[in-house]
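Residue strings, one per chain:
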Number of protein chains: 2
Amino acid sequence: MHIYADRVKHMENSAIREILKVTEQPGVITFAGGLPAPELFPLSDIRESYDRVLGAKDPSVLQYGSTEGYLPLREEIAAQMCAKGIKAEADNIFLTNGSQQGLDLLAKLFLNPGDIVLLQNPSYLGAIQTFRSYQANFRAILTNDAGIDLKDLEFSLKHHHPKLIYLAPTYQNPTGTTLPVEERQAIARLAGQYGIPTIEDDPYSELRYEGPVTPTIKSFAADDEVIYLGTFSKTLAPGLRLGWIVGDRKLIAKLIVAKQGTDLHTSTLLQQATHYYLTHFNTSEHVERIRQTYKMRRDLMLQELKVSFPTQVSWTQPTGGMFIWLTLPDGFDTDKLLPRAAAAQVAYVPGIHFYAHNGSHCSMRLNFSNPTPQQIKQGINRLAEILKVN
Amino acid sequence: MHIYADRVKHMENSAIREILKVTEQPGVITFAGGLPAPELFPLSDIRESYDRVLGAKDPSVLQYGSTEGYLPLREEIAAQMCAKGIKAEADNIFLTNGSQQGLDLLAKLFLNPGDIVLLQNPSYLGAIQTFRSYQANFRAILTNDAGIDLKDLEFSLKHHHPKLIYLAPTYQNPTGTTLPVEERQAIARLAGQYGIPTIEDDPYSELRYEGPVTPTIKSFAADDEVIYLGTFSKTLAPGLRLGWIVGDRKLIAKLIVAKQGTDLHTSTLLQQATHYYLTHFNTSEHVERIRQTYKMRRDLMLQELKVSFPTQVSWTQPTGGMFIWLTLPDGFDTDKLLPRAAAAQVAYVPGIHFYAHNGSHCSMRLNFSNPTPQQIKQGINRLAEILKVN
């Protein structure tokens, strides 16, 4: 029996992971994952990219590289960030193994045990898990009908001294909701005013199905408090494991030291191949193809929900991203209902797992990017049948 | 000004990194790095491996994967471990982004601030850096003429209650030395007897230039206290970033939870391509080619040292690995001499940086795997000239 560090007590092997294993069996229609549609991966373009960088007879593609990342890729990402209204040069870009590593490194830099993280409640499960492993405490950012309760946010900043703010403002995982422009401006202002590092986690903004582009929180930040996290997992492929952090140079210098001890650097080959892909293929056409497919699946799921569920059941109407958040009437417990759903060969993630504390038991997250239209129809049907809300 | 976590005070941006930047300029002969010879990377075989797995029209190669790693690769590594005398099945293998990530995840699982790590002094710089970032304290494993002072080791285990033991028993970085079989047996026994998790970091054992294969410490361990770290960085290529941990199933379960919060999983594509490479190419022939080249460079460096330095200077005679450890007479300070060496266009790593505490100032680490024979000759010459020991 090993004696583990105290922090291990806070690293739960989410019960959910165990439950969801059941749902990986053939025949089960799963809305539980957060997976892109694999049939849309640009396999042949990625194949060509690897072939070109490995065929260039330059062995440096397989050598140790710099901790901050491959310079031409940092330049390319900086240009993309500028196009999004975020002022960035190559020196502001730091490559990570997916944005999950960005969360881990930022938690490592900022969180002492007991420090408070201010976050949306519910929030991305993986972020909560990371912050917990650094023994953080949490405080929810309250919401009202208009969105975030800015007065409560300022009250928390003033009186609860959070160490970090964590937000996924665009097509959030798990709810699919998006913060309006005015709130983004206010958050950027408050983060600067109170000097609280604010993580803007933005994996989904490219998956926009309707409405205008909403500017990032970081684009409104006059100072360096807002730290932006990007990823290639949703627009290219998650199995590559490549993301990035946008921050000021002082932060990047700290991240370099933290990542040195963590895994030295991100794969040189991966970075060079991704740079080749970004600069040689029509990436916006590819993202447009993803958008069209996911939009169709979202529309279909929304329509099936409307047909199958009575008015006591409500759900979000996401304008982008990969998820719909469905809420059953009070008294339902989606955690307890999951085994019944699994038996009927359909799966979801019970909403409670996305709350850092004080969660609601009657919600669930439904993914629409991965299942086929046929599976969406059948799956929502099965779900309505076993839930029997009426 | 951000307020960082307490642990950040312990994460030094090693001054050495800054000094060594100077030595990256063209014309400088560097023995400072720990880099493999890039001209030996199996570029075309790796190219073919990526081409095959990306050409198989199975998009799962780019999808999210399991945290523990790609099963066929875990099976292949388990078989290789068994061939080394380490009992392992696929369930005992955990894939990491290089063995540096193995160190980070193990530190995360085991170290509370203030916990003691027992280690060789000097030790691998990157390991010290990782343990420091978890606010560990250190205690040196004393050595005597025969090798490790086993009585002192047992005394430390009994009275200092270390949380971890860290050892690189084979062709150690930085000294190039190897622990004899009897000491390995004793360490395996003591680790089990006192129940102290013992990390056997083994990046170099395949780079053997003479003498018999020395069995791993783990192969002598009757229980699960010894945790083995392997890597493809030295036998294949470091720019891929792929390593593994061998441990019992309970430890692997904890590692899964830790890595989930850290970066979800290691690249699916990288794992599948590496599996293809391992199962379709003659890897032992490739490693033999590396061995021959490095052995020649080691021999040359040893010979040049003998020609250029007087008898007051001593150095190790490594039978494998990538490093020679050179010790100048008392009074020399290799840290202070480095700028002078850099000015003469030759670089090394001052030995002091490899000590967790109480280091000697008159040593340096010299790498012989990366420089060409011509550079070794010229570089050792330059070094002898500026050090002017006589």
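Residues numbered from 1 in each chain as written. Chains lettered and ligands numbered in written order. Predicted model: local features only at pLDDT ≥ 70, side-chain atom pairs only at ≥ 80, totals over all residues.

Caption draft 1: Representation of the pairing of strand E9 (residues 226-231) of chain B in the model. Residue and element names in this part refer to chain B. Most of E9 sits inside the fold, with 6 of its 6 residues counted as buried. In the sheet, strand E8 (residues 198-201) pairs with E9 via 4 bridges, with the strands oriented parallel. Looking at the pairing, Asp201 lines up with Leu229 of E9. Strand direction decides the pairing type here: E9 and strand E10 (residues 243-246), joined by 4 bridges, are antiparallel. Note on E10: the bridge partner recorded for Gly230 is Trp244. (Buried ≥ 20, exposed ≤ 12 C-beta atoms within 10 Å, placed from the backbone. Helix = DSSP H or I, 4+ residues; strand = E, 2+ residues; numbered from the N terminus. Pairing = 2+ DSSP bridges.)

Caption draft 2: The arrangement of the domain arrangement of chain A in detail. All names here are of chain A. The domain architecture assigned to chain A consists of domain 1 (6-42 + 285-387) and domain 2 (43-280). Here domain 1 and domain 2 have C-alpha centroids that lie 24 Å from each other. Of the residues lining the interface, 30 residues belong to domain 1; the matching set on domain 2 comes to 35 residues. Broken down by secondary-structure element, the contributors of at least two residues to the side of domain 1 that touches domain 2 are helix H10 (283-308) and strand E12 (323-327). Ranked by residues supplied to the side of domain 1 that touches domain 2, first place goes to H10 with 6 residues. When the residues that make up the side of domain 1 that touches domain 2 are grouped by side-chain class, the tally is 15 nonpolar, 10 polar and 5 charged. (Domains from an automatic or database assignment. Contact = placed C-beta atoms within 7 Å. Nonpolar A, V, L, I, M, F, W, Y, C, P; charged D, E, K, R; others polar.)

Caption draft 3: Region of the structure containing the sheet that holds strand E11 (residues 314-315) of chain B. Residues and elements named next belong to chain B. Strand order in the open sheet formed by 4 strands is E11-E12-E15-E14, with antiparallel pairing between adjacent strands. In this open sheet, the two strands that pair with only one neighbour each are E11 and strand E14 (349-350). In the sheet, E11 pairs with strand E12 (residues 323-327) via 2 bridges, with the strands oriented antiparallel. The partner of Trp315 across the bridge, within E12, is Leu326.

Caption draft 4: Inspection of the packing of helix H2 (residues 43-55) of chain B against helix H9 (residues 268-280) of chain B at higher detail. Residues and elements named next belong to chain B. Their axes nearest at 8 Å, the elements H2 and H9 cross at an angle of 120 degrees. As judged from the angle between their axes, H2 and H9 are oblique. The way H2 lies across H9 gives a crossing that is right-handed. Residues Asp45, Ile46, Ser49, Tyr50, Arg52 and Val53 of H2 form the contact with H9, whose participating residues are Leu269, Gln272, Ala273, Tyr276 and Tyr277. Class assignment of the residues belonging to the contact of H2 with H9 gives a composition of 7 nonpolar, 2 polar and 2 charged. (Axes fitted to C-alpha atoms, helices over the stretch in contact; angles between N-to-C directions. Parallel < 35°, antiparallel > 145°, perpendicular 65-115°, else oblique. Left-handed = near helix turned anticlockwise from the far one by under 90°.)

Caption draft 5: Region of interest: the relation of the copies chain B and chain A. Here chain B sits on chain A after a turn of 180 degrees about the axis and a move of 0.0 Å along it, with an RMSD of 0.0 Å. Viewed as a symmetry operation, the transformation between the two copies matches a two-fold axis. Interface overlap between copies: 100% of the residues of chain B at the interface are likewise at the interface in chain A, consistent with a symmetric, same-surface contact. (Least-squares fit on C-alpha atoms with pLDDT ≥ 70 in both.)

Caption draft 6: Geometry of the interface of chain B and chain A. Between chain B and chain A, the residue contacts involve 58 residues of the former and 58 residues of the latter. Sorting the residues of the side of chain B that touches chain A by element identifies H2, helix H4 (98-110), helix H5 (125-133), helix H8 (249-263) and H9 of chain B as the ones contributing at least two each. In terms of residue count, the dominant contributor to the side of chain B that touches chain A is H8(B) (9 residues).

Caption draft 7: Seen up close, the environment of Lys234(A). All names here are of chain A. Structurally, Lys234 can be placed in the loop between strand E9 (226-231) and strand E10 (243-246). With 24 C-beta atoms packed within 10 Å, Lys234 lands in the buried category. Between the alpha carbons of Lys234 and Leu366 there is a distance of 17 Å; along the sequence they are 132 residues apart.

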